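# Structure assessment
Now for the letters of each chain:
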Amino acid sequence: MSTMIDAGVNLTSSQFSADLPSVIARAKSAGVSSMLAIGCDLQSSKESIELAEKHQLFCSVGVHPHDARHAPDSLYDDLSALLTSSNHVVAVGECGLDFNRDFSPRPIQQSVCLTQLHLAQAANFPVYLHEREAHSALMPLLNEVKVEGILHCFTGDKTALKNYLDYGLMIGITGWICDERRGQDLQQLLQYIPLDRLLIETDAPYLLPRTITPKPKSRRNEPMFLSYVADQIAHLKQCSAQTIMQATTQNFKQLFVR
Ligand SMILES: [Zn+2]
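Residues numbered from 1 in each chain as written. Predicted model: local features only at pLDDT ≥ 70, side-chain atom pairs only at ≥ 80, totals over all residues. Heavy atoms only, no water.

- The name that an unreviewed UniProt entry assigns to the chain is TatD DNase family protein, with the source organism given as Pseudoalteromonas peptidolytica F12-50-A1.
- The annotation that UniProt attaches to the chain under Sequence similarities (unreviewed entry) is "Belongs to the metallo-dependent hydrolases superfamily. TatD-type hydrolase family." (UniProt positions renumbered as here; feature names shortened; annotations may be inferred.)

## Brief notes about the UniProt feature "binding site: a divalent metal cation 2" (unreviewed entry) in the chain
- UniProt records the feature "binding site: a divalent metal cation 2" (unreviewed entry) at H130 and H152, using the numbering of this structure. Of the residues just listed, which span 23 residues, no C-alpha pair is farther apart than 5.6 Å, and they cluster in one region. Restricting the annotated residues just mentioned to those that line the largest pocket leaves H130 and H152.
- Take H130: it is sitting in strand 5 (residues 127-132).
- Judged by relative accessible area, which is 10%, H130 ranks as buried.
- Contacts of H130, omitting those with residues within four sequence positions, involve H64, P65, E94, C95, G96, L97, D98 and H152. (1 Å grid on protein atoms, 1.4 Å probe; cavity = no way out; pocket = protein on both sides within 12 Å on 5 of 7 lines; lining within 4 Å. Helix = DSSP H or I, 4+ residues; strand = E, 2+ residues; numbered from the N terminus. Buried < 20%, exposed > 50% of the residue type's maximum accessible area, 1.4 Å probe, protein only. Contact = heavy atoms within 4.5 Å.)

## A few points about helix 1 (residues 20-29)
- Considered for burial, the residues of helix 1 that qualify are L20, V23, I24 and A27. Projected onto a plane normal to the axis of helix 1, the buried residues spread over an arc of 95° and lie on a single side. In helix 1, those exposed residues whose orientation departs by more than 90 degrees from the buried face are P21 and S29.
- Looking at the packing, one finds that the buried side of helix 1 touches strand 2 (32-37) and helix 2 (42-55).
- Downstream of helix 1 by one or two residues, G31 has phi in the positive range, about 95°. (Arc of directions from axis to C-beta.)

## Quick look at the packing of helix 2 against helix 3 (residues 75-83)
- Look at helix 2 against helix 3: their axes get within 11 Å of each other, and the N-to-C directions meet at 5°. As the angle between them shows, helix 2 and helix 3 are arranged roughly parallel. Of the residues in helix 3, those in contact with L42, S45, K46 and I49 of helix 2 are L75, D78, L79 and L82.
- Split by residue class, the contact of helix 2 with helix 3 holds 5 nonpolar, 1 polar and 2 charged. (Axes fitted to C-alpha atoms, helices over the stretch in contact; angles between N-to-C directions. Parallel < 35°, antiparallel > 145°, perpendicular 65-115°, else oblique. Nonpolar A, V, L, I, M, F, W, Y, C, P; charged D, E, K, R; others polar.)

## Some points on the sheet that holds strand 3 (residues 58-61)
- Taking strand neighbours across the sheet as the criterion, the 8 strands line up as 1-2-3-4-5-6-7-8 in an open arrangement whose pairing is parallel. Looking along the sheet, the strands with just one partner apiece sit at the ends: strand 1 (4-9) and strand 8 (198-200). Along the sheet, successive strands turn relative to each other by an average axial angle of 25°, direction set aside.
- Note: strand 5 against strand 6 (residues 149-152), 4 bridges, orientation parallel. Looking at the pairing, H130 lines up with H152 of strand 6.
- Strands strand 3 and strand 4 (89-98) of the sheet are contacted by helix 3, whose axis makes an angle of about 145° with strand 4.
- Running at roughly 100° to strand 8, helix 9 (residues 241-256) makes contact with strand 1, strand 2, strand 3, strand 4, strand 6, strand 7 (170-173) and strand 8 of the sheet. (Pairing = 2+ DSSP bridges.)

## Description of the pairing of strand 6
- The alternating pattern of strand 6 places G149 and L151 and I150 and H152 on opposite faces, both of which are buried.
- On the question of chirality, the crossover connecting strand 5 to the parallel strand 6 by way of helix 5 (residues 135-142) is right-handed.
- The pairing of strand 6 with strand 7 spans 2 bridges and is parallel. Each bridged residue has a counterpart across the sheet, and for I150 the counterpart in strand 7 is M170.
- Once you follow strand 6 into helix 6 (residues 158-167) and on to strand 7, the crossover reads as right-handed. (Right-handed = clockwise from strand over helix to strand, strands pointing away.)

Right, here's the structure in full:
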């Protein structure tokens, strides 16, 4: 059996607090050889480091655009210290812009994102980027720096995809691709994502793949369901799931394991 790496899981979510060791064990049994635990504010970044060390996983440290309004003035130095505090930390993020939810004012989202882009560049770490309905605002920020990274849970249009690929980013595909209704645009765009730029992620506990049958009683997504994302991509790209698993594992290592 080919193994896979889940490029993004929210392991610090309260939805996992009761049974995290079994969630991780189930994922390993299902062929998920490792995963990246996402930090989305300073507290969850610290917790992600602890989890990554305890369970031998990868993690990121950063502030999500939703939480940007709570970021301290000392964010650059705080994150910089966390980045080098453990060799399990492999990326700056989750950072970016979310103009869909707008939980933080846009100018604050932009400045907190830019701070993290500058940090990633200075520390030579890849970025773990979140963008919803904000492509035209994110590109000018990216163009102020030169960084590698993943545009996670890509749900944008063809222009956005082309610009992110031209910039050099890898594209993270979640269970969104398994959604027969809102995933249709993404399914059409998949053909434009080269195999060597593709990463797969569950974004668990969110985005339960709708192709799972029978559906789990709890609506919670888990990293053990990553193969549903790989299977759907393989189906759409008309190749084997093994090809997708091997390519995305290699891409993950190339980007994050240095
Ligand atoms: Zn996100």
